[in-house]
Amino acid sequence: MKRYATLILIASMTAACAGQVPPAASAASAGTPEPTAPAPGAPAEVVAPAGQQPTVAPAAAQPAAAQPATATQPTAAAAASPGALGTLHGTITSTPAGAAKSAVLYLEDGPVAQPVNGAVSNKQMSFSPYISVITTGAKVTFTNNDPFPHNIFTPDHEKWDLGQLEQHGTKTKTFAKPGAYALLCNLHPNMKAYVLVVPSSYFVKSDSKGNFTLKDVPAGTYKVSVWAPGVATSTQTVSVGADTSANFELHR
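### Concerning the overall build of the protein chain
When you go through the protein chain residue by residue, the secondary structure sums to two helices and 19 strands. Residue burial in the protein chain is summarised as follows: out of 252 residues, 31% are buried. Excluding contacts between residues fewer than 6 apart, the proportion of contacts in the protein chain whose partners are at least 24 apart in sequence is 59%.

Structure representation (C-alpha coordinates):
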(Lines give C-alpha, C1' and ligand atoms only; values in the text may rest on other atoms or scores of the structure.)
Protein backbone atom coordinates (compact mmCIF):
# COMPACT_ATOMS: atom_id res chain seq x y z
CA MET A 1 0.00 0.00 0.00
CA LYS A 2 2.78 2.35 0.89
CA ARG A 3 4.48 1.44 -2.36
CA TYR A 4 1.34 2.30 -4.36
CA ALA A 5 1.07 5.75 -2.73
CA THR A 6 4.68 6.42 -3.54
CA LEU A 7 4.14 5.64 -7.22
CA ILE A 8 1.19 8.09 -7.43
CA LEU A 9 3.28 10.85 -5.82
CA ILE A 10 6.12 10.29 -8.29
CA ALA A 11 3.72 10.50 -11.26
CA SER A 12 2.25 13.83 -10.05
CA MET A 13 5.65 15.37 -9.59
CA THR A 14 6.71 14.31 -13.07
CA ALA A 15 3.69 16.00 -14.66
CA ALA A 16 4.27 19.22 -12.76
CA CYS A 17 7.86 19.37 -13.88
CA ALA A 18 6.79 18.97 -17.52
CA GLY A 19 4.61 22.21 -17.29
CA GLN A 20 1.31 20.45 -18.02
CA VAL A 21 -1.93 21.85 -16.67
CA PRO A 22 -4.14 19.43 -14.90
CA PRO A 23 -7.26 18.51 -16.84
CA ALA A 24 -9.46 19.99 -14.15
CA ALA A 25 -8.10 23.57 -14.73
CA SER A 26 -10.78 26.00 -16.06
CA ALA A 27 -10.36 28.25 -19.07
CA ALA A 28 -10.43 31.33 -16.80
CA SER A 29 -7.51 30.02 -14.72
CA ALA A 30 -5.52 29.50 -17.97
CA GLY A 31 -5.99 33.23 -19.04
CA THR A 32 -8.05 32.46 -22.21
CA PRO A 33 -11.18 34.69 -22.71
CA GLU A 34 -14.52 33.08 -23.10
CA PRO A 35 -15.70 33.06 -26.77
CA THR A 36 -18.56 35.47 -27.51
CA ALA A 37 -21.16 35.42 -30.27
CA PRO A 38 -20.57 38.01 -33.04
CA ALA A 39 -22.95 40.97 -33.26
CA PRO A 40 -25.70 40.61 -35.84
CA GLY A 41 -24.43 41.59 -39.29
CA ALA A 42 -20.73 41.61 -38.19
CA PRO A 43 -18.18 39.37 -39.93
CA ALA A 44 -17.58 36.11 -38.08
CA GLU A 45 -14.04 35.22 -37.00
CA VAL A 46 -12.89 31.79 -38.02
CA VAL A 47 -10.43 30.08 -35.65
CA ALA A 48 -7.38 28.98 -37.59
CA PRO A 49 -5.16 26.01 -36.77
CA ALA A 50 -2.03 26.70 -34.78
CA GLY A 51 0.58 28.69 -36.75
CA GLN A 52 -1.92 30.34 -39.19
CA GLN A 53 -3.55 33.75 -39.17
CA PRO A 54 -7.28 33.77 -38.48
CA THR A 55 -9.51 34.74 -41.40
CA VAL A 56 -12.73 36.72 -41.39
CA ALA A 57 -15.79 35.25 -43.05
CA PRO A 58 -17.81 37.72 -45.12
CA ALA A 59 -20.91 39.06 -43.47
CA ALA A 60 -24.26 38.09 -44.84
CA ALA A 61 -25.31 40.41 -47.67
CA GLN A 62 -27.65 43.10 -46.44
CA PRO A 63 -30.51 44.26 -48.66
CA ALA A 64 -29.74 47.60 -50.37
CA ALA A 65 -31.58 50.62 -49.04
CA ALA A 66 -34.60 51.39 -51.12
CA GLN A 67 -33.97 54.35 -53.47
CA PRO A 68 -36.71 56.91 -54.12
CA ALA A 69 -38.28 56.54 -57.53
CA THR A 70 -37.36 59.23 -60.04
CA ALA A 71 -40.25 60.74 -61.96
CA THR A 72 -39.83 60.65 -65.71
CA GLN A 73 -39.46 64.18 -67.13
CA PRO A 74 -41.81 64.98 -70.00
CA THR A 75 -40.23 65.62 -73.36
CA ALA A 76 -40.26 69.12 -74.83
CA ALA A 77 -42.91 68.04 -77.29
CA ALA A 78 -45.13 66.70 -74.55
CA ALA A 79 -44.62 69.70 -72.26
CA ALA A 80 -45.16 72.35 -74.90
CA SER A 81 -48.62 73.60 -75.59
CA PRO A 82 -49.52 75.63 -78.63
CA GLY A 83 -49.74 79.35 -77.94
CA ALA A 84 -52.88 81.33 -78.47
CA LEU A 85 -53.27 83.16 -81.76
CA GLY A 86 -55.03 86.45 -82.28
CA THR A 87 -56.26 88.78 -85.03
CA LEU A 88 -55.39 92.45 -85.39
CA HIS A 89 -57.65 94.58 -87.60
CA GLY A 90 -58.50 98.22 -88.10
CA THR A 91 -58.36 101.20 -90.44
CA ILE A 92 -55.53 103.43 -91.65
CA THR A 93 -56.22 107.04 -92.56
CA SER A 94 -53.70 109.42 -94.09
CA THR A 95 -52.98 112.95 -95.24
CA PRO A 96 -52.80 112.95 -98.21
CA ALA A 97 -55.67 110.45 -98.40
CA GLY A 98 -54.13 108.33 -101.16
CA ALA A 99 -51.27 107.07 -98.98
CA ALA A 100 -53.58 104.90 -96.84
CA LYS A 101 -54.38 102.54 -99.69
CA SER A 102 -50.67 101.81 -100.20
CA ALA A 103 -49.85 101.22 -96.53
CA VAL A 104 -48.13 98.23 -94.94
CA LEU A 105 -48.71 97.26 -91.30
CA TYR A 106 -46.12 95.06 -89.59
CA LEU A 107 -44.88 93.97 -86.16
CA GLU A 108 -41.61 95.69 -85.28
CA ASP A 109 -40.68 93.11 -82.64
CA GLY A 110 -42.63 90.09 -83.88
CA PRO A 111 -41.01 86.75 -84.72
CA VAL A 112 -39.86 85.59 -88.12
CA ALA A 113 -42.00 82.51 -88.71
CA GLN A 114 -40.31 82.05 -92.09
CA PRO A 115 -38.21 84.20 -94.43
CA VAL A 116 -40.20 86.06 -97.08
CA ASN A 117 -38.48 86.74 -100.40
CA GLY A 118 -39.75 88.94 -103.19
CA ALA A 119 -39.88 89.16 -107.00
CA VAL A 120 -40.06 92.36 -109.04
CA SER A 121 -40.51 92.47 -112.79
CA ASN A 122 -40.07 95.24 -115.37
CA LYS A 123 -43.09 95.19 -117.61
CA GLN A 124 -44.47 97.94 -119.84
CA MET A 125 -41.97 100.37 -118.35
CA SER A 126 -43.20 99.80 -114.81
CA PHE A 127 -41.98 97.95 -111.75
CA SER A 128 -44.46 95.32 -110.61
CA PRO A 129 -45.57 95.11 -107.88
CA TYR A 130 -45.47 98.72 -106.82
CA ILE A 131 -44.67 97.71 -103.21
CA SER A 132 -42.83 94.51 -102.30
CA VAL A 133 -42.50 93.43 -98.65
CA ILE A 134 -39.75 91.05 -97.56
CA THR A 135 -38.13 90.06 -94.25
CA THR A 136 -34.67 91.16 -93.14
CA GLY A 137 -31.96 89.04 -94.77
CA ALA A 138 -34.24 87.88 -97.60
CA LYS A 139 -33.74 88.60 -101.29
CA VAL A 140 -35.54 90.08 -104.27
CA THR A 141 -35.22 88.71 -107.78
CA PHE A 142 -35.48 91.34 -110.52
CA THR A 143 -36.56 90.27 -114.02
CA ASN A 144 -36.84 92.38 -117.18
CA ASN A 145 -39.83 91.40 -119.31
CA ASP A 146 -39.64 94.40 -121.62
CA PRO A 147 -38.02 94.20 -125.09
CA PHE A 148 -35.45 96.81 -124.09
CA PRO A 149 -33.02 97.21 -121.19
CA HIS A 150 -33.70 98.80 -117.81
CA ASN A 151 -31.54 99.95 -114.93
CA ILE A 152 -32.30 99.37 -111.25
CA PHE A 153 -30.84 101.48 -108.44
CA THR A 154 -31.83 103.09 -105.14
CA PRO A 155 -30.82 106.38 -103.47
CA ASP A 156 -31.74 104.97 -100.03
CA HIS A 157 -29.57 103.48 -97.26
CA GLU A 158 -26.60 101.73 -98.97
CA LYS A 159 -27.41 103.49 -102.29
CA TRP A 160 -26.74 100.46 -104.50
CA ASP A 161 -26.98 100.15 -108.28
CA LEU A 162 -27.58 96.80 -110.01
CA GLY A 163 -26.57 98.24 -113.38
CA GLN A 164 -28.29 97.52 -116.64
CA LEU A 165 -30.79 94.68 -116.87
CA GLU A 166 -31.13 93.35 -120.41
CA GLN A 167 -34.28 91.87 -121.94
CA HIS A 168 -35.20 88.62 -120.14
CA GLY A 169 -32.30 89.25 -117.82
CA THR A 170 -32.44 88.42 -114.09
CA LYS A 171 -30.53 89.78 -111.09
CA THR A 172 -30.88 89.07 -107.38
CA LYS A 173 -30.31 91.42 -104.47
CA THR A 174 -30.13 90.47 -100.75
CA PHE A 175 -31.39 93.02 -98.22
CA ALA A 176 -29.48 92.71 -94.97
CA LYS A 177 -31.10 95.59 -93.07
CA PRO A 178 -34.72 96.67 -92.48
CA GLY A 179 -36.02 99.82 -94.14
CA ALA A 180 -37.77 101.19 -97.22
CA TYR A 181 -35.95 101.29 -100.57
CA ALA A 182 -37.22 103.27 -103.55
CA LEU A 183 -36.54 101.49 -106.86
CA LEU A 184 -35.62 103.73 -109.79
CA CYS A 185 -34.45 103.34 -113.38
CA ASN A 186 -31.97 105.91 -114.73
CA LEU A 187 -33.05 105.07 -118.29
CA HIS A 188 -36.74 105.79 -117.59
CA PRO A 189 -37.23 108.44 -114.84
CA ASN A 190 -40.97 107.84 -114.65
CA MET A 191 -40.44 104.31 -113.23
CA LYS A 192 -40.67 103.97 -109.45
CA ALA A 193 -41.51 101.28 -106.89
CA TYR A 194 -40.60 100.28 -103.34
CA VAL A 195 -39.11 97.37 -101.45
CA LEU A 196 -40.01 97.45 -97.74
CA VAL A 197 -37.77 95.25 -95.58
CA VAL A 198 -39.46 94.44 -92.26
CA PRO A 199 -38.01 92.74 -89.14
CA SER A 200 -40.77 90.13 -88.75
CA SER A 201 -42.86 87.95 -91.03
CA TYR A 202 -46.11 89.30 -89.56
CA PHE A 203 -47.26 92.03 -91.95
CA VAL A 204 -50.22 92.91 -94.15
CA LYS A 205 -51.02 95.42 -96.88
CA SER A 206 -54.05 97.68 -96.56
CA ASP A 207 -56.91 97.49 -99.05
CA SER A 208 -58.09 100.35 -101.27
CA LYS A 209 -60.04 101.86 -98.34
CA GLY A 210 -57.21 101.65 -95.83
CA ASN A 211 -58.58 98.65 -93.97
CA PHE A 212 -56.34 95.81 -92.80
CA THR A 213 -56.64 92.40 -91.08
CA LEU A 214 -53.58 90.58 -89.76
CA LYS A 215 -54.43 87.01 -88.75
CA ASP A 216 -52.73 84.25 -86.75
CA VAL A 217 -50.59 86.57 -84.63
CA PRO A 218 -49.07 84.94 -81.49
CA ALA A 219 -50.87 86.59 -78.58
CA GLY A 220 -48.75 89.25 -76.91
CA THR A 221 -47.81 92.91 -76.79
CA TYR A 222 -45.98 94.37 -79.79
CA LYS A 223 -44.78 97.58 -81.39
CA VAL A 224 -46.97 97.80 -84.48
CA SER A 225 -45.86 100.12 -87.29
CA VAL A 226 -47.57 101.36 -90.43
CA TRP A 227 -45.53 102.58 -93.40
CA ALA A 228 -46.68 104.16 -96.65
CA PRO A 229 -44.88 106.10 -99.43
CA GLY A 230 -44.47 109.83 -98.86
CA VAL A 231 -45.60 109.92 -95.20
CA ALA A 232 -44.00 109.33 -91.79
CA THR A 233 -44.20 105.87 -90.23
CA SER A 234 -46.68 105.58 -87.36
CA THR A 235 -46.02 103.20 -84.44
CA GLN A 236 -48.25 102.07 -81.56
CA THR A 237 -47.90 99.54 -78.74
CA VAL A 238 -50.72 97.03 -79.14
CA SER A 239 -51.66 93.99 -77.03
CA VAL A 240 -52.93 91.43 -79.52
CA GLY A 241 -55.56 89.01 -78.27
CA ALA A 242 -58.23 86.86 -79.90
CA ASP A 243 -59.82 89.88 -81.58
CA THR A 244 -58.02 93.22 -81.36
CA SER A 245 -58.78 96.51 -83.09
CA ALA A 246 -56.35 99.39 -83.67
CA ASN A 247 -56.51 102.43 -85.97
CA PHE A 248 -53.63 104.45 -87.39
CA GLU A 249 -53.21 107.94 -88.82
CA LEU A 250 -50.43 108.80 -91.26
CA HIS A 251 -49.08 112.29 -91.93
CA ARG A 252 -46.18 113.81 -93.78
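### Some remarks on the sheet that holds strand 11 (residues 170-174)
The strands making up a sheet associate through backbone hydrogen bonding, with each pair oriented either parallel or antiparallel. Taking strand neighbours across the sheet as the criterion, the four strands line up as 6-5-8-11 in an open arrangement whose pairing is mixed. If you trace the sheet from one side to the other, it starts and ends with strand 6 (127-128) and strand 11, each paired once.

### Some remarks on the nonpolar core
Core analysis: the largest hydrophobic core is formed by 22 residues, its most contacted members being L88, I92, L105, L214, V224 and F248. Breaking this core down by element, the ones donating at least two residues are strand 3 (85-95), strand 4 (104-107), strand 15 (211-218), strand 16 (220-227), strand 17 (234-240) and strand 19 (248-251). Non-local contacts of L214, meaning those with residues more than four positions away in its chain, are made with G86, T87, L88, L105, L107, Y202, F203 and V204. Judged by nonpolar contacts, the second largest core, of 18 residues, contains V120, F142, L162 and Y181.

### A few points about the pairing of strand 3
The sheet contact formed by strand 3 and strand 15 spans six bridges and is antiparallel. Across the sheet, G90 pairs through a bridge with F212, a residue of strand 15. When strand 3 meets strand 18 (residues 244-245), the two strands line up parallel, connected through two bridges. Residue pairing for strand 18: H89 is matched across the bridge by S245.

### Brief notes about the side chain of S234
With respect to the helices and strands, S234 occurs in strand 17. Not counting residues within four places of it along the chain, the set of residues in contact with S234 comprises V224, S225, V226, F248, E249 and L250.

### A few points about the packing of aromatic side chains
Throughout the structure, instances matching the rule amount to six aromatic pairs. Ring centres 5.8 Å apart and planes at 85° place the aromatic pair Y130 and Y194 in the edge-to-face group. Taken together, the residues Y130 in the loop between strand 6 and strand 7 (131-135) and Y194 in strand 13 (residues 192-198) connect sequence positions 64 residues apart. Taking 6.5 Å as the distance between ring centres and 55° as the angle between the ring planes, the aromatic pair formed by F142 and W160 counts as tilted. You can see F142 sitting in strand 8 (residues 139-144) and its partner W160 sitting in the loop between strand 9 (150-153) and strand 10 (161-165), a full 18 residues away along the chain. Since its relative accessible area comes to 1%, F142 is described here as buried.

Here is what the cut-offs are and how they apply
- Residues numbered from 1 in each chain as written.
- Predicted model: local features only at pLDDT ≥ 70, side-chain atom pairs only at ≥ 80, totals over all residues.
- Heavy atoms only, no water.
- Helix = DSSP H or I, 4+ residues; strand = E, 2+ residues; numbered from the N terminus.
- Buried < 20%, exposed > 50% of the residue type's maximum accessible area, 1.4 Å probe, protein only.
- Contact = heavy atoms within 4.5 Å.
- Pairing = 2+ DSSP bridges.
- Core = buried A, V, L, I, M, F, W, Y, C linked by side-chain atoms within 4.5 Å.
- Phe/Tyr/Trp six-rings, centres within 6.5 Å; stacked < 30°, edge-to-face > 60°.

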